[in-house]
Amino acid sequence: MSPSLVAEALYSVHKSRATGQLTLHAGGREARLFLQQGNLVGTQLGFGFQSPAQALLQSGRIQADALDALWARGGAGEPDEDLLEALGMDEGAVAELQVLAHVRRLSQLAERSAFEPGDVEEMFRPIAGVRVLRAALEPAVGKGQGARVYRCADVAACAPWLSSEEERAFLETLGTFRQPEALTMAQEVVLHLLEREGLVESLSVEEWEERERARRAEEARLAEEARRAEEARLAEEARLAEEARRAEEARLAEEARLAEEARLAEEARLVEEARLAEEARLAEEARLAEQARLEEERRKEEEARLAEEARLAEEARLEEERRKAEEARLAEEARLAEEARLAEEARLAEEARRAEEARLAEEARLAEEARLAEEARLAEEARLAEEARLAEEARLAEEARLAEEARLVEEARLEEERRKAEEARLAEEARLAEEARLAEEARLAEEARLEEERRKAEEARLAEEARLAEEARLAEEARRAEEARLEEERRKAEEARLAEEARRAEEARLAEEDRLAEEARLAEEARLAEERREAEEARLAEEARLAEEARLAEEARLAEEARLEDERRKAEEARLAEEARRAEEARLAEEARLAEEARLAEEARLAEEARLAEEARLAEEARLAEEARLAEEARLAEEARLAEEARLAEEARLAEEARLAEEARLAEEARLAEEARLAEEARLAEEARLAEQARLEEERRKAEEARLA
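Residues numbered from 1 in each chain as written. Predicted model: local features only at pLDDT ≥ 70, side-chain atom pairs only at ≥ 80, totals over all residues. Heavy atoms only, no water.

(A) Seen up close, the overall build of the protein. Across its full length, the protein holds 11 helices and 6 strands. Relative to the compact-globule value of 27 Å for 709 residues, the protein shows a C-alpha radius of gyration of 54 Å, a clear excess of over 25%. Seen through its C-alpha atoms, the protein measures out along the principal axes to roughly 185 × 100 × 40 Å. A total of 709 residues make up the protein; the buried ones form 19% of that total. (Helix = DSSP H or I, 4+ residues; strand = E, 2+ residues; numbered from the N terminus. Rg over C-alpha atoms; globule rule 2.2 N^0.38 Å. Buried < 20%, exposed > 50% of the residue type's maximum accessible area, 1.4 Å probe, protein only.)

What follows is the structure, given as structure tokens:
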């Protein structure tokens, strides 16, 4: 069983905080590790035994020469009190190191394992599952790995897996992807575990460099897109400013035109008043004779005028209602758009709030776990201190007792030393035989490991080639998608430009139609005024003739009536002139109101366009961020399915080659068919031309014969 599989079994037990025994098998022998809540509480070894001296050597507490000295003193690998005192350790700490050494050796030798849940009995003080797991991983790490870079984004979350402040300081140096200069065994184990837990990211140097290049390229692309968007925004602002300037110039020109029209209308009114006054003076005498008839006509005209005013008032009311309805519709649309925007902002705020709550909950959970771990550590330290105190008291009592028995024990010790020397010699011979056997097993295991590494290297090479091919395909697809997107943006920009030009052309056409309609209306009014004037002149001429005939008979009687009538006439003319002036002012005010509404509507449209452009820019930024996130997720998912992707990519490539070959064949057939069709059309056209020439020749011949006949 490979060390990584032994570590995998211990990892599963530790993660599930399971209780039971893990049985390991090797060469027909078995060993048991007793685990309680994921912590190691006992061992039963059939193989993989390590002496305390070997444990001290593996942990780096002593050197090889110290181990040789122990063997030379006949200690059989057992550290004596002098060595423990020199190391500052007690027997409990040495026993713990020995258990961890057992785990390392079992991880190297075990061929298979089985975990049986159930209650177990503590054989020694529990050893934390993290320490046991790290000891099991030490023989596995650092083999077959090339240069790699690491990154740890959250050092606090790694605390349960760390054993010292040096390891925390080491992880704090990995805030960004970095290749450590020289890793110790403990650091490699910690990085392996944290990478398994998802707390540390690891990449090969080549992958990291490729990612960095891709990141820099993506940042450059986003910067370029941002620059282009900014240029487009500035261009749009310039265009809007230019349109605003032109609208303002048009408004000022319209105001000047209206002022000029008002001045001309005022001059025309004064001229018309003077002419009417003159005509009234000439027609006054004749009109007196026709007083009754004229009174009736004035009544009818007054009724017609009142009817016309009522019609105009009704039309103005209907126009005002249409305008208010249009304003209400626009206000409703603006309200709905604002509600939609507020709803979208509320949704985004709710999502941000939920994300923040989740982050705070996760931080609280991690803080609670750290607090519980700290409390457990303090309780463990207090328990260890109490045990040390009791052990010290027992040791002092034992020393007193031993001092009393020293004389009697000395003779027994000498005899025991002779016996132990003989046993040590036999044990040394057995150890040398065991080391020779283990060396042979290690050689075979090393050969198997090298073969496995060669196989894995070959698989990794094939996977890397497949990954590179897939990345090339994805890059090509991304490039094509980017080109399609840019083409789509250019097409949309062109459509927007054409739409803008069409809108401006439509506005110019409507303005021209309004101008022509206004000129036609003024011309029609001038024509009607001229016709009324001529009719009035004819009528006045007729009335003057009749009045002249009646004047001589009625001068005395009509003089007083003429005066009274003249006063009434002047009052009526003044009233009519006032009504005409008010109507003209109302028309000009209505035109000014409509122009102002049109200007406000244009400003609202421009503001809406600017808002939509800003929303589009924000949506584009969100889309780019989402695309970056999706690309990262796709890359991570891609690493898990590279083998399948490689196979599918190969099949797709073969299918694509077959499809391209088929398309090329069909294109060639189509080209040949098209050439045949064109040749046939050319042949038919040539035959038609020759037939037409023959027909014309025949017609000329017949015409010549007819001419000669």
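Additional details are given in the paragraphs that follow.
(B) Representation of the packing of helix α6 (residues 129–137) against helix α8 (residues 185–197) in the model. Where α6 meets α8, the closest approach of the two axes is 10 Å, and the angle between their N-to-C directions is 110°. When the axes of α6 and α8 are compared, the pair comes out roughly perpendicular. In this structure, α6 contributes Leu133, Arg134 and Leu137 to the contact, and α8 contributes Ala186, Val189, Val190, His192 and Leu193. Residue composition of the contact of α6 with α8, grouped by class: 6 nonpolar, 1 polar and 1 charged. (Axes fitted to C-alpha atoms, helices over the stretch in contact; angles between N-to-C directions. Parallel < 35°, antiparallel > 145°, perpendicular 65-115°, else oblique. Contact = heavy atoms within 4.5 Å. Nonpolar A, V, L, I, M, F, W, Y, C, P; charged D, E, K, R; others polar.)

(C) Structural view of helix α7 (residues 165–172). When α7 is considered as a whole, its buried residues turn out to be Glu167, Phe170 and Leu171. Down the axis of α7, the buried set is contained in an arc of 95°. They therefore lie on one face. Relative to its buried face, α7 has exposed residues pointing more than 90 degrees away, namely Glu165 and Glu166. For α7, the secondary structure elements touched by its buried residues are α6, β5 (148–152) and α8. (Arc of directions from axis to C-beta.)

(D) Here's a closer look at the side chain of Arg305. Here Arg305 shows up in helix α10 (residues 291–640). Only 2.3 Å separates the side chain of Arg305 from the side chain of Glu309, close enough to count as a polar contact. Within the structure, the side chain of Arg305 is placed 3.0 Å from the side chain of Glu579, a separation counted as a polar contact. (Polar contact = N/O pair within 3.5 Å; in protein donor to acceptor, adjacent residues only side chain to side chain.)

(E) Local environment of the pattern of salt bridges. Overall, the coordinates contain 183 salt bridges when judged by the stated rule. In this structure, Glu267 engages Arg263 in a salt bridge whose closest nitrogen and oxygen atoms are separated by 2.7 Å. Remark: Arg263 and Glu267 occur in helix α9 (residues 205–289); sequence separation between them is 4 residues, near one turn of the helix. Salt-bridge contacts for Arg395 lead to Glu392; the nearest nitrogen and oxygen are separated by 2.3 Å. (Salt bridge = Lys/Arg side-chain N within 4 Å of Asp/Glu carboxyl O.)

(F) Representation of the nonpolar core within the structure. In this structure, Leu10, Leu40, Leu133 and Leu171 are the most contacted members of the largest nonpolar core, which totals 44 residues. When contributions to this core are tallied by element, the ones reaching two or more residues are α1 (3–16), β1 (20–26), β2 (29–36), α5 (91–109), α6, β5, α7 and α8. Not counting residues within four places of it along the chain, the set of residues in contact with Leu10 comprises Leu22, Leu33, Leu35, Val103, Val132, Leu133 and Ala136. Within the second largest apolar cluster, 8 residues are counted, among which are Leu56, Met89, Val94 and Leu97. (Core = buried A, V, L, I, M, F, W, Y, C linked by side-chain atoms within 4.5 Å.)

(G) Layout of unusual backbone geometry. Despite not being glycine, Arg17 has its phi angle at roughly 50°, a positive value. Note that Arg17 resides in the loop between α1 and β1. A relative accessible area of 43% places Arg17 in the partly exposed class.

(H) A negative patch on the surface, seen in detail. Among the surface-exposed residues, Glu81, Glu85, Asp90 and Glu91 lie close enough to one another that they form a single negatively charged patch. In this fold, Glu85 is placed in helix α4 (residues 81–87). Here Glu85 falls in the exposed class, since its relative accessible area comes to 65%. (Patch = residues over 30% accessible without salt bridge, like charges linked within 9 Å, V, L, I, M, F, W, Y side chains within 5 Å. Areas by Shrake-Rupley, 256 points an atom, 1.4 Å probe, with all protein chains shown as cover. Lys, Arg positive; Asp, Glu negative; His and termini not counted. Charge placed at Lys NZ, Arg CZ, Asp CG, Glu CD.)

(I) Quick look at the sheet that holds β2. With antiparallel pairing, 4 strands are arranged side by side in an open sheet as β3-β2-β1-β4. Two strands bound the open sheet, and with one partner strand each, they are β3 (39–44) and β4 (112–117). In this sheet, neighbouring strand axes are inclined to one another by 20° on average, regardless of whether the strands run parallel or antiparallel. In this sheet, β2 lies alongside β1 in antiparallel orientation, the contact comprising 7 bridges. The partner of Thr23 across the bridge, within β2, is Arg32. Packed onto the sheet, α5 meets β1, β2 and β3 and runs at close to 70° relative to β3. (Pairing = 2+ DSSP bridges.)

(J) Structural detail: the side chain of Glu470. Along the polypeptide, Glu470 turns up in helix α10. Residues contacting Glu470, with those up to four places away along its chain left out, are Glu638, Glu645 and Ala649.

(K) Looking closely at the pairing of β3. Pairing of β2 with β3, which is carried by 5 bridges, proceeds in the antiparallel orientation. Along β3, the bridge assignment pairs Phe34 with Gly42. Hairpin geometry of β2 and β3 is characterised by an intervening segment of 2 residues between the two adjacent antiparallel strands and by a positive phi of about 55° at Gln37.

(L) Fine view of the packing of α5 against α6. As a packed pair, α5 and α6 sit with axes 7 Å apart at the nearest point and diverge in direction by 45°. In terms of orientation, α5 and α6 fall into the oblique class. Between α5 and α6 the crossing geometry is right-handed. Residues Glu96, Leu100, Val103, Arg104 and Ser107 of α5 pack against Arg131, Val132, Ala135 and Ala136 of α6. For the contact of α5 with α6, the per-class residue count stands at 5 nonpolar, 1 polar and 3 charged. (Left-handed = near helix turned anticlockwise from the far one by under 90°.)

(M) Here's a closer look at the environment of Glu519. The topology assignment puts Glu519 in helix α10. Taking the relative accessible area as the measure of exposure, Glu519 reaches 40% and is therefore partly exposed. Only 2.5 Å separates the side chain of Glu519 from the side chain of Arg515, close enough to count as a polar contact.

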